[in-house]
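Coordinates in review
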Amino acid sequence: MSRKTVYGIFDDEEVLLNSVKEIKSNNIDIKEVYTPFPVHGLDKALGLKETRMAIAAFVYGCLGITFAGLMIYNIMIIDWPMNIGGKPNFTFYHNVPSFVPVMFECTVLFAAHLMSITYLIKCGLFPGAKSENPDPRTTDDKFLIEFELEGSTKKVKDLLSKTGASEINEK
Amino acid sequence: MFTITKNARNLSFGLMIIGVIALILGFVNDAHSAWPSLLFNTYFFLGISVFAVFFIALQYVAEASWSIVLKRIPEAIISFLPISGIIMLIIMITAVMHFGGNHIYHWMEDGIMDPNSENYDKIIAGKEAFLDTTFFLIRSVIYILGWVYFGRKLKQLSLNEDKHGGLENYNKGFRTSAWFMVFFAITSSIASWDWIMSIDTHWFSTLFGWYVFSEWAVIGFVSILLITLYLKRLGYLESVNESHIHDLGKYIFAFSLVWTYMWFSQFMLIWYANIPEEVAYFYDRLELENYKFLFWFRVAINFLFPIILLMSRDAKRNNTRLIFVCIVILIGHWLNAYLLVAPGTLKEYGHIGFTEIGMGLGFFGLFIYVVFNALTKAPLETKNHPFLDESKHLHT
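Residues numbered from 1 in each chain as written. Chains lettered and ligands numbered in written order. Predicted model: local features only at pLDDT ≥ 70, side-chain atom pairs only at ≥ 80, totals over all residues.

Bringing the overall build of chain A into the picture now. Counting its secondary structure elements, chain A contains 5 helices and 4 strands. Listed by position from the N terminus, the elements making up chain A come as β-α-β-α-α-α-β-α-β. In terms of principal-axis extent, the alpha carbons of chain A reach across some 80 × 30 × 30 Å. For chain A, buried positions account for 13% of its 171 residues. Look at the contacts in chain A between residues 6 or more apart in sequence, and 73% of them connect residues 24 or more apart. (Helix = DSSP H or I, 4+ residues; strand = E, 2+ residues; numbered from the N terminus. Buried ≥ 20, exposed ≤ 12 C-beta atoms within 10 Å, placed from the backbone. Contact = placed C-beta atoms within 7 Å.)

On to the packing of helix H11 (residues 289–309) of chain B against helix H12 (residues 319–346) of chain B. Residue and element names in this part refer to chain B. It is at 9 Å that the axes of H11 and H12 come closest, and there the two elements cross at 150 degrees. By the angle between their axes, H11 is roughly antiparallel relative to H12. For the element pair H11 and H12, the recorded crossing hand is left-handed. Two secondary-structure elements touch here, H11 through Tyr291, Leu294, Phe295, Arg298, Ile301, Asn302, Phe305, Pro306 and Leu309 and H12 through Arg321, Val325, Val328, Ile329, Gly332, His333, Leu335, Asn336, Leu339 and Pro343. Considered class by class, the residues forming the contact of H11 with H12 number 13 nonpolar, 4 polar and 2 charged. (Axes fitted to C-alpha atoms, helices over the stretch in contact; angles between N-to-C directions. Parallel < 35°, antiparallel > 145°, perpendicular 65-115°, else oblique. Left-handed = near helix turned anticlockwise from the far one by under 90°. Nonpolar A, V, L, I, M, F, W, Y, C, P; charged D, E, K, R; others polar.)

Attention now moves to helix H2 (residues 31–61) of chain B. Residue and element names in this part refer to chain B. When the terminal C-alpha atoms of H2 are compared, their 44 Å separation across 31 residues agrees well with the 45 Å that a helix rising 1.5 Å per residue should span. Burial analysis of H2 places 27 of its 31 residues in the buried class, the great majority of the element. Glutamate 63 sits one or two positions beyond H2 and adopts a positive phi of about 50 degrees. (Expected span 1.5 Å × (residues − 1).)

So, about the interface of chain A and chain B. Each partner contributes residues to the interface: chain A has 9 residues there, and chain B has 8 residues. For the side of chain A that touches chain B, the leading source of residues is helix H4 (residues 92–122) of chain A, giving 3 residues. Class assignment for the residues of the side of chain A that touches chain B results in 3 nonpolar, 5 polar and 1 charged.

Below you can see the structure in the form of C-alpha cells.
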C-alpha cells in the first residue's frame, strides 16, 4: 500500500481549531499543522508536549551569570585589581554591587542568544535550509492540516469537508 | 452579590480595635515616633488604593480585555482612597502646624530658611521655592482630590455601563483614563517627593518617583490577587479562570523585579559615586544598628521570593504558592515603607514595636472592612462591557 499525503486548507483559525479537535477525537493522526501566526490553544488540541524551552532558558541564564561572575572576578580581582573611586578591589564580595550590571547583562545575553540558536537547531533552520512548507499560502492567510495516510483517504476527506475545510488536496 | 462572612467582619473589627489601641498608646507614650509610624502605614495603604485607580485606567488605555471579569475588585479597593487620603492630609496639616508633636519634616522647623536664625540651613534654604508649607499643602490637596475624583468617575462609569449598556460609557472611560494617566504620571512622582523624599531633606534621588510607583504597583497587584483568590475560594467570580490568576501572577513577578531594579539602580550609583551628601541617606540605613538587618532583609525577601518561587508557569497557577509569596512580599514592602520613613525621622531611636505593627494591623482591618463593604454594593459579575466575552474566554 502506498502512502498518501492529504492537505486540508482552512480560512479561519477557529474553524481550524474545531476541525483539529474533531479529527483528534476520531483518533486520526495529524502529521503537522501550518499556520501564518500562532493559534491559541492549538498546541493543546494537537496534544503536543509542553515545550522545554523555559528550562533551557533557565540553564542558559545560569550559565551566563556564572560565566560573567568568573570573568569579572578574573579581570577585576585576580589579574589586575583597579582602583576605581576608592572602591574595595581585592575582594569579590565587597565589590559585588559594581559587578551586578555585568552579571545581569551576561545572563540576558546568554539566555537570549542561546535560546535563539537552540530554537533554530531544533527547527532544522540551518543556513541554506529548504522550506518544508507544502503550500506558500500558509504564510499569508491560509491554515493547513497535513496528514500522512495509508489506505483509504475517504474518511479523512469527509471529516475535513464536514468541519469546514475550504480546499482538500491529495498528493 | 457578595456578602461579608462573619469571620471576615469579626477579624476586621478585631484588627481595627488593635489599631486604635496602638494609635492611642503610641501617641500617649511617644508622639514623636507615633507620627512617622502613622505616616508610613498611611503611605502603604494609600499606595494600594491609588494603584487600583491606575490599574483600571491602564486597562482602559491599553484596551485590554483580560481583566474585565475581575474589575469589580480594583473598583472596590478605590473606596479606601478617600479614607487613606484624608488621613494623609491630616498628617500633612499637623506637620505644618507642628500639632501634637508632629515633627516628621525637618525642613518645616522654625527659622531653618531664615539666614539670621541659628537653625539656618543653607542647603534647605536653597530649596525654599518648592518646599514652601502653603504650596506643599495645596499640592497635597490636589493629589488627593484628583485621585479621588478620577477613581470615583471611573467607578461610576463602570456601574453605569452595567445599568445602561452601550459604548458611550466605555468611550468616556477611555478618555478619562487617558487624562488620569497624565495626571498620575506627574502627581505620583511629586507626591513621593513631598511626602517621603523630603523627610531626608538634604538628599535627593531622581528616580525616587518610579521607585515609589513600582512599590505601589507590587502591593496593588498583590492586593487585587489576594482578594480575587479569597472571593474564588468562597465560590464567587466563576468567570475568573486560571489564566486570569496567571496574568496577575506575571504582573507581581515582573513588578517585583522592577522594584528591585529601581532599588538597585538607586543604591548602586550612590554607593559607587560615594558623594557625602548622597551617601548620608544610606549611611542612616546601613550603619545604624536598628536598620542594618532590615535593610538587607527586605531586599532579599522582596527579590528572592518572587524570582525563585514564581518563575515557572506552573507556579503562577498554583494558588497556595501564590498566596504564600504574596503575603511574604506584602510584609517585605511594608518593611520597605518603614525604612523609607523611619531612619530619616527617628535616626537611631526607631524600632518596629507594637505601635508600628498595631497601626499596620489596624489599617489592614479598616481596609478589609471598607473594601469588602464596597464589594457588597455592586454585583461581582460585570455585564455590558464590550470586551466581557473576550475576557471570559481568556486562555494563555
